[in-house]
Amino acid sequence: RGRSPIARGLEIGSAHGYLLLGPFLKLGPLRNTDQALLAGLGSASGLVIILSVCLFLYGGAVFQGRTKPKGDLPINIQTYKDWSFFTSGFLIGGLGGVVFAGFILYEIGRAGLA
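The rules behind the values
- Residues numbered from 1 in each chain as written.
- Predicted model: local features only at pLDDT ≥ 70, side-chain atom pairs only at ≥ 80, totals over all residues.
- Heavy atoms only, no water.
- Salt bridge = Lys/Arg side-chain N within 4 Å of Asp/Glu carboxyl O.
- Buried < 20%, exposed > 50% of the residue type's maximum accessible area, 1.4 Å probe, protein only.
- Helix = DSSP H or I, 4+ residues; strand = E, 2+ residues; numbered from the N terminus.
- 1 Å grid on protein atoms, 1.4 Å probe; cavity = no way out; pocket = protein on both sides within 12 Å on 5 of 7 lines; lining within 4 Å.
- Points joined across faces, edges and corners; volume = space filled by probe spheres on them.
- Nonpolar A, V, L, I, M, F, W, Y, C, P; charged D, E, K, R; others polar.

### Points about the pattern of salt bridges
In total, this model carries two salt bridges according to the counting rule given. The partner of Glu 11 in a salt bridge is Arg 3, with the nearest N and O atoms 2.9 Å apart. Classification of Glu 11 as partly exposed rests on a relative accessible area of 42%. Notably, a salt bridge pairs Glu 107 with Arg 110, separated by 3.5 Å at the nearest N-O pair. Here Arg 110 and Glu 107 lie together in helix H3 (residues 80-111), a separation of three residues that amounts to about one turn. For Arg 110, a relative accessible area of 59% translates into the label exposed.

### Points about the layout of surface pockets
Size it by volume and the largest pocket reaches roughly 280 Å³. If you trace the largest pocket, you find twelve residues lining it, with Leu 25, Lys 26, Ala 36, Leu 37 and Leu 105 closest to the centre. Within the residue set of the lining of the largest pocket, elements represented by two or more residues are helix H1 (5-27), helix H2 (36-62) and H3. For the lining of the largest pocket, the leading source of residues is H3, giving four residues. Among the residues making up the lining of the largest pocket, the classes are represented as seven nonpolar, two polar and three charged.

Pasting the structure below:
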């Protein structure tokens with residue numbers, strides 16, 4: 001409650017981006033190579049972009065010619081403009097979360113802690 005749509009999107013996106021890097025890094029086809037982190041960053045960033053496009057398409061379908069959607073959305077995401085802010089926040093937060101997690105893992109690997 002009381003959170004703006006863009007702040008809500010930033011928070012949700014950063015959590016998703018931060019958590020998506022691990023599976024791509026540890027389970028991806030390049031997991032045992034020197035390029036594992038780079039491949040994980042690219043894969044997780046690509047998935048965040050795909051999820052953002054899906055959010056954009058969902059918003060276009062739900063808010064089609066209506067002022068209020070039929071579903072149970074938070075009170076401050078009841079218009080297409082608010083949904084667009086949420087989607088933009090998700091994209092920026094998701095990519096930021098991926099980059100932040102990648103930076104942490106890079107520094108851990110460089111320090112020899114991994």
